[in-house]
Amino acid sequence: MVEFMSLFNSLSESNANRFFQWSPSQHRAVVCFFFLFIGLFCEHAAAAQSDEKTSRWTVVREGTISVYSDAGAETAARTLERVRTMAELFEQFGRPAVLRPVRILVFRRTSEFEQYRPSPISVGFFQSGAEGDWIVFPAAATDRVLLHEFTHLLLNRTTGPLPQWLEEGLAEFFSTTRVQGRFVEFGLPIPEHQRNLRMMPSMPAEELTAARKTGVHYQDPYQASRFYATAWMLVHMLYSEPRYYAHMPAFVQAIDRLSGSDTNILQVFRSTFGVTMDRALGEARDRAIRGNLGTGPNRRIEIDRLSLPPAAAPVAVSALDIASLQADLLLDCGKTSLAAAKYESIIKESERPAVRSASRGYLALAKGANQEAMSSFAAAISEGSTDPRVVLEYAMLIRDAQGRAARDTVTALLEKAVALDPNFAEVLFLLGVRASDRKDFSQAVEYLTKAVAILPRQSSFWHALGFAQAKAGQIDAALRSANRALRAAQTSEQEDMANALLEMEGMAPVPARPPGANVITGAGWENPKGDATVIGQLRALNCEAANGPALVVQTETGTETFSMSNPRKIRIQGANGGSIEWQCGEITPRRVQIEYLRSSRELIGLHFLP
């Protein structure tokens with residue numbers, strides 16, 4: 001080809017006359033080479049087009065873990081091996097097996113990874129999703145990034161919420177995990193953190209405990225370096241020094257009983273370890289800078305022989321399949337505009353009707369066109385879609401559009417979704433709530449116990465479980481669930497719901513009745529009481545409802561309505577003296593707690609919250 005190009009270049013203006021002086025055989029040779037070149041070029045272009053259809057991506061799977069990579073099959077296989085080893089180790093230490101799907105994406109180009117990451121300084125991330133969890137990072141990242149994010153995944157599935165410094169410190173501590181023969185080592189030195197601690201001040205206790213995932217410590221490189229180095233050095237000492245690690249179980253149990261107050265964390269730290277957190281931070285900093293990191297007995301542990309069956313061979317992934325996967329990831333990351341662009345390309349290119357219809361549904365949802373989304377998801381299901389997420393989305397759209405009239409239809413769809421994926425925690429939660437609505441509290445407890453086992457950091461799951469347990473007479477279990485709901489609360493609404501559950505009648509021991517107080521009051525003199533509560537935002541008063549006026553409230557699970565057959569009998573609290581003037585139509589949004597009867601959806605009490 002090089003010789004041909006030299007010959008082809010001779011057709012410059014200066015050599016044109018020489019070309020016309022060539023013999024017929026020379027002309028034929030040039031023409032043959034020309035068409036050979038064109039043929040090779042077209043073949044290369046066709047191959048490139050074929051690559052676009054098949055993509056560079058490969059996937060390797062074992063059990064519930066799938067690793068996708070466009071950085072080569074070897075990268076995917078090595079990543080899967082690291083993750084399987086970590087999962088096996090944690091199972092040996094008593095952690096449950098990985099049940100929900102784990103999808104790991106390894107991007108060959110860092111620039112493409114940047115479209116997905118949650119912050120400008122993220123070098124990898126863990127994202128919990130509707131049907132499973134994600135770990136995402138570029139191929140240039142180190143193994144430590146993978147193990148750090150996988151630790152987040154394991155913590156998310158096996159513990160209640162932890163203080164952010166403890167969560168990240170543990171992820172850094174386990175990111176250096178290494179298997180050496182019959183032993184596994186944790187907590188190896190991290191030179192990057194040691195260098196940073198020599199160059200910058202570590203964080204004081206109050207600043208460290210105030211760090212949140214949405215704060216500056218996840219956006220600014222300098223603050224992030226301080227935060228991660230400080231969290232790592234403290235956790236490393238707590239797990240390495242005998243006078244600290246002996247008290248770690250008590251510390252974690254004490255944290256588990258808290259609702260998340262930073263001040264309480266500082267108090268618990270001092271009462272557990274006998275020193276202030278600031279003093280412990282000073283000691284940990286000195287250890288880290290000097291390199292005197294200790295060799296606690298729980299940092300090198302003898303293990304059973306790892307019994308990892310051979311993983312399946314990597315297989316190619318089509319461009320459309322990887323686009324669909326990435327669109328799901330973007331949805332779970334809250335990047336709906338980028339997800340919409342992916343779905344548009346799938347609609348144009350896919351030859352599978354069910355995939356096109358499902359993509360139209362997600363695209364319509366992203367645009368707020370709920371009716372179109374509902375029709376598209378219905379079409380996808382009729383065309384043979386077995387995606388439980390499609391079934392769930394369809395069920396929720398029917399519920400929002402038709403309300404209680406579609407109760408049986410929605411329940412049947414949810415049961416279909418959980419049959420497709422028995423570990424779909426959100427569907428288990430919804431089925432549990434519906435069982436409570438039917439007053440089938442034993443069934444509700446069964447569904448909700450499964451849901452919290454899969455996702456133990458969802459406050460709404462624990463609240464629903466606690467309510468069902470209380471109604472089933474399991475008061476001790478209900479109190480534990482209510483406290484877990486309070487600790488897991490991420491919003492003021494969730495916190496209020498958890499507190500309301502703790503205050504629910506029957507949840508606390510009944511005080512002894514004083515002598516002479518055995519007065520029996522006729523039931524007709526008592527105010528009616530609801531058997532359910534919910535917190536949400538007032539939206540409207542619908543005066544044209546079929547069964548009379550109805551209050552419209554936006555809650556965590558959607559828009560709900562509550563009938564008001566006699567507004568004057570509704571108990572009202574916190575509304576400027578205990579009364580309110582009702583007007584039909586939209587209402588200025590106010591946060592409220594609703595007390596109602598499940599059987600009739602009758603509004604009994606209305607408590608305006610601050």
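Cut-offs and rules
- Residues numbered from 1 in each chain as written.
- Predicted model: local features only at pLDDT ≥ 70, side-chain atom pairs only at ≥ 80, totals over all residues.
- Heavy atoms only, no water.
- Pairing = 2+ DSSP bridges.
- Helix = DSSP H or I, 4+ residues; strand = E, 2+ residues; numbered from the N terminus.
- Axes fitted to C-alpha atoms, helices over the stretch in contact; angles between N-to-C directions.
- Expected span 1.5 Å × (residues − 1).
- Buried < 20%, exposed > 50% of the residue type's maximum accessible area, 1.4 Å probe, protein only.
- Phe/Tyr/Trp six-rings, centres within 6.5 Å; stacked < 30°, edge-to-face > 60°.
- Lys NZ or Arg CZ within 6 Å of the ring centre and 35° of its normal.

Focus: the sheet that holds strand β8 (residues 300-302)
Spatially, β6-β7-β8 is the arrangement adopted by the 3 strands of the open sheet, whose pairing is antiparallel. With one partner strand each, in any of the chains shown, β6 (178-180) and β8 form the two edges of the open sheet. Across this sheet, the average inter-strand angle for adjacent strands is 25°, counted without regard to direction. Pairing geometry for strand β7 (residues 183-185) and β8, over 3 bridges, is antiparallel. Its bridge partner lying in β8, Val 184 is registered against Ile 301.

Regarding helix α15 (residues 319-332)
Here α15 is 14 residues long and its end C-alpha atoms lie 20 Å apart, about the 20 Å a rise of 1.5 Å per residue gives. Those residues of α15 that fall on the buried side of the exposure criterion are Ile 322, Ala 323, Leu 325, Gln 326, Ala 327, Asp 328, Leu 329, Leu 330 and Asp 332. Looking one or two residues beyond α15, the residue adopting positive phi is Gly 334, at roughly 80°.

A word on the pairing of strand β2 (residues 65-69)
Counted residue by residue, β2 has 5 buried out of 5 residues, so it is predominantly covered. Burial along β2 is two-sided: Ile 65, Val 67 and Ser 69 facing one way and Ser 66 and Tyr 68 facing the other are all buried. The sheet contact formed by strand β1 (residues 58-62) and β2 spans 5 bridges and is antiparallel. Looking at β2, one finds that Val 59 is bridged to Tyr 68. What sits between β1 and β2 in their antiparallel hairpin is a turn of 2 residues, with Gly 63 showing a positive phi close to 65°. Strand direction decides the pairing type here: β2 and strand β3 (residues 102-107), joined by 5 bridges, are parallel.

Observations regarding the packing of aromatic side chains
All chains considered together, the criterion is met by 17 aromatic pairs. Between Phe 174 and Phe 186, the aromatic rings sit 5.1 Å apart at their centres with planes inclined by 80°, giving edge-to-face as the arrangement. Of the two residues, Phe 174 sits in helix α7 (residues 164-174) while Phe 186 sits in the loop between β7 and α8 (191-199), which places them 12 residues apart along the sequence. Accessibility assignment for this pair places Phe 174 and Phe 186 in one class, buried. With 6.5 Å between their ring centres and 65° between their planes, Phe 441 and Phe 467 make a pair best called edge-to-face. Highlighted residues: Phe 441 in helix α22 (residues 441-454) and Phe 467 in helix α23 (residues 459-471), separated in sequence by 26 residues. With respect to burial, Phe 441 and Phe 467 carry one shared label: buried. Through a chain of ring-to-ring contacts, the aromatic side chains of Trp 165, Tyr 244, Phe 251, Phe 269 and Phe 273 assemble into a single cluster. Here the basic side chain of Arg 103 rests over the ring of Trp 134, its NZ or CZ set 3.9 Å away from the ring centre.

By themselves, these observations are geometric and do not establish any function.
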